Amino acid sequence: QNRNAEEQDADVPDFAIAGPAISTPQVFRATTAREIQQIAAAATWPTAARDFSRTERLVVRFHAYGPGGSAPAIELQLRNQQGDMMAGMPIAAPPAGADGAYQADIPLASLAVGRYLLEIGATSGADRTRTLVGFTVR
(Lines give C-alpha, C1' and ligand atoms only; values in the text may rest on other atoms or scores of the structure.)
Protein backbone atom coordinates (compact mmCIF):
# COMPACT_ATOMS: atom_id res chain seq x y z
CA GLN A 1 0.00 0.00 0.00
CA ASN A 2 1.34 3.40 -1.06
CA ARG A 3 1.01 6.03 1.66
CA ASN A 4 1.56 8.85 -0.84
CA ALA A 5 -1.24 7.75 -3.15
CA GLU A 6 -4.29 9.94 -3.52
CA GLU A 7 -7.59 9.31 -5.29
CA GLN A 8 -9.78 11.95 -6.86
CA ASP A 9 -12.97 11.76 -8.86
CA ALA A 10 -13.22 13.77 -12.08
CA ASP A 11 -16.27 14.33 -14.25
CA VAL A 12 -15.46 13.76 -17.91
CA PRO A 13 -18.07 14.84 -20.44
CA ASP A 14 -19.25 12.39 -23.07
CA PHE A 15 -18.08 14.15 -26.23
CA ALA A 16 -20.20 11.83 -28.36
CA ILE A 17 -23.40 13.49 -27.08
CA ALA A 18 -22.26 16.81 -25.54
CA GLY A 19 -22.83 20.14 -27.27
CA PRO A 20 -20.02 22.21 -28.76
CA ALA A 21 -16.94 22.98 -26.64
CA ILE A 22 -14.09 25.49 -26.94
CA SER A 23 -10.66 25.02 -25.39
CA THR A 24 -9.01 27.79 -23.40
CA PRO A 25 -7.77 30.30 -25.99
CA GLN A 26 -4.04 30.92 -26.25
CA VAL A 27 -3.08 34.55 -26.88
CA PHE A 28 0.21 35.39 -28.59
CA ARG A 29 1.60 38.90 -29.10
CA ALA A 30 3.69 40.02 -32.04
CA THR A 31 5.14 43.27 -33.33
CA THR A 32 7.16 42.01 -36.32
CA ALA A 33 6.67 39.65 -39.26
CA ARG A 34 9.38 37.42 -37.76
CA GLU A 35 7.39 37.06 -34.53
CA ILE A 36 4.29 36.10 -36.56
CA GLN A 37 6.38 33.41 -38.30
CA GLN A 38 7.59 32.09 -34.94
CA ILE A 39 4.00 31.88 -33.70
CA ALA A 40 2.95 30.00 -36.85
CA ALA A 41 5.86 27.58 -36.37
CA ALA A 42 4.90 27.04 -32.71
CA ALA A 43 8.32 28.35 -31.71
CA THR A 44 7.00 30.70 -29.05
CA TRP A 45 4.85 30.57 -25.93
CA PRO A 46 1.49 32.27 -25.43
CA THR A 47 1.39 35.31 -23.18
CA ALA A 48 -0.55 35.65 -19.95
CA ALA A 49 -0.61 39.43 -20.40
CA ARG A 50 -3.87 41.11 -21.32
CA ASP A 51 -2.50 44.66 -21.67
CA PHE A 52 -1.24 45.46 -25.17
CA SER A 53 0.09 48.35 -27.25
CA ARG A 54 -1.57 49.56 -30.45
CA THR A 55 1.68 48.61 -32.27
CA GLU A 56 1.12 44.93 -31.51
CA ARG A 57 -0.92 42.21 -33.17
CA LEU A 58 -2.65 39.44 -31.28
CA VAL A 59 -2.81 35.89 -32.54
CA VAL A 60 -5.54 33.89 -30.82
CA ARG A 61 -5.44 30.10 -31.14
CA PHE A 62 -7.97 27.58 -29.80
CA HIS A 63 -9.62 24.23 -30.49
CA ALA A 64 -13.35 23.70 -30.95
CA TYR A 65 -15.21 20.42 -30.74
CA GLY A 66 -18.69 19.33 -31.74
CA PRO A 67 -20.71 16.29 -30.71
CA GLY A 68 -19.42 12.99 -32.04
CA GLY A 69 -16.22 14.57 -33.32
CA SER A 70 -18.01 16.91 -35.73
CA ALA A 71 -16.72 20.41 -36.39
CA PRO A 72 -18.96 23.18 -35.01
CA ALA A 73 -19.54 26.49 -36.80
CA ILE A 74 -17.11 29.07 -35.38
CA GLU A 75 -17.41 32.84 -35.15
CA LEU A 76 -15.21 35.50 -33.59
CA GLN A 77 -16.48 38.94 -32.65
CA LEU A 78 -14.75 42.00 -31.26
CA ARG A 79 -16.81 43.72 -28.56
CA ASN A 80 -16.33 46.95 -26.63
CA GLN A 81 -16.21 47.08 -22.82
CA GLN A 82 -20.02 47.39 -22.67
CA GLY A 83 -20.32 44.13 -24.64
CA ASP A 84 -21.60 45.75 -27.85
CA MET A 85 -20.39 44.07 -31.04
CA MET A 86 -17.91 46.21 -32.97
CA ALA A 87 -16.88 43.82 -35.77
CA GLY A 88 -16.82 40.21 -36.86
CA MET A 89 -13.25 38.96 -37.15
CA PRO A 90 -11.92 36.53 -39.77
CA ILE A 91 -10.82 33.19 -38.43
CA ALA A 92 -8.70 30.55 -40.11
CA ALA A 93 -10.02 26.99 -40.02
CA PRO A 94 -7.53 24.32 -39.08
CA PRO A 95 -5.53 23.13 -42.09
CA ALA A 96 -5.67 19.43 -42.93
CA GLY A 97 -3.04 17.48 -41.04
CA ALA A 98 -2.50 20.26 -38.49
CA ASP A 99 -3.22 19.99 -34.79
CA GLY A 100 -6.81 21.15 -35.38
CA ALA A 101 -6.39 24.65 -33.95
CA TYR A 102 -8.40 27.59 -35.21
CA GLN A 103 -6.47 30.84 -35.40
CA ALA A 104 -7.25 34.55 -35.72
CA ASP A 105 -4.85 37.43 -36.34
CA ILE A 106 -6.07 40.65 -34.70
CA PRO A 107 -4.28 43.94 -35.46
CA LEU A 108 -4.67 46.48 -32.67
CA ALA A 109 -3.56 49.61 -34.58
CA SER A 110 -7.11 50.68 -35.48
CA LEU A 111 -8.47 50.34 -31.93
CA ALA A 112 -8.73 53.26 -29.55
CA VAL A 113 -7.21 53.03 -26.09
CA GLY A 114 -9.63 51.07 -23.92
CA ARG A 115 -10.93 47.66 -22.89
CA TYR A 116 -12.21 45.05 -25.32
CA LEU A 117 -13.59 41.52 -25.47
CA LEU A 118 -13.07 38.82 -28.05
CA GLU A 119 -16.07 36.50 -28.12
CA ILE A 120 -15.43 33.06 -29.60
CA GLY A 121 -18.66 31.25 -30.40
CA ALA A 122 -19.17 27.62 -31.42
CA THR A 123 -22.52 26.37 -32.73
CA SER A 124 -23.57 22.81 -33.42
CA GLY A 125 -27.23 22.41 -34.36
CA ALA A 126 -29.31 24.29 -31.77
CA ASP A 127 -26.50 24.22 -29.16
CA ARG A 128 -24.14 27.17 -28.75
CA THR A 129 -21.28 27.95 -26.41
CA ARG A 130 -18.98 30.93 -26.13
CA THR A 131 -15.72 31.94 -24.52
CA LEU A 132 -14.62 35.51 -23.79
CA VAL A 133 -11.08 36.90 -23.81
CA GLY A 134 -10.75 40.36 -22.28
CA PHE A 135 -7.86 42.67 -23.07
CA THR A 136 -6.78 46.30 -22.80
CA VAL A 137 -5.22 48.46 -25.51
CA ARG A 138 -2.96 51.21 -24.20
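(A) Broad picture of the sheet that holds strand S8 (residues 102–107). In spatial order, the strands read S2-S4-S8; together these three strands make up an open sheet with antiparallel pairing. Across the chains shown, the open sheet's two edge strands, defined by having one partner strand only, are strand S2 (26–30) and S8. Strand-to-strand twist across the sheet, computed as the mean angle between neighbouring axes with direction ignored, equals 20 degrees. As paired strands, strand S4 (residues 57–62) and S8 are joined by six bridges and run antiparallel to one another.

(B) Geometry of the pattern of salt bridges. Summed over all chains, the structure comprises seven salt bridges. Here Arg29 ties to Glu56 by a salt bridge, and the two come within 2.7 Å at their closest N and O atoms. Of this pair, Arg29 sits in strand S2 while Glu56 sits in the loop between strand S3 (51–52) and S4, and the two are 27 residues apart along the sequence. For Arg57, the salt bridge identified is with Asp105, shortest N-O distance 3.0 Å. Of this pair, Arg57 sits in strand S4 while Asp105 sits in strand S8, and the two are 48 residues apart along the sequence. For Arg57, a relative accessible area of 32% translates into the label partly exposed. By relative accessible area, which is 35% here, Asp105 ends up partly exposed. Salt bridges sharing common partners tie together Glu75, Arg79, Glu119, Arg128 and Arg130.

Definitions and cut-offs
- Residues numbered from 1 in each chain as written.
- Predicted model: local features only at pLDDT ≥ 70, side-chain atom pairs only at ≥ 80, totals over all residues.
- Heavy atoms only, no water.
- Pairing = 2+ DSSP bridges.
- Helix = DSSP H or I, 4+ residues; strand = E, 2+ residues; numbered from the N terminus.
- Axes fitted to C-alpha atoms, helices over the stretch in contact; angles between N-to-C directions.
- Salt bridge = Lys/Arg side-chain N within 4 Å of Asp/Glu carboxyl O.
- Buried < 20%, exposed > 50% of the residue type's maximum accessible area, 1.4 Å probe, protein only.

These figures capture arrangement, not role.
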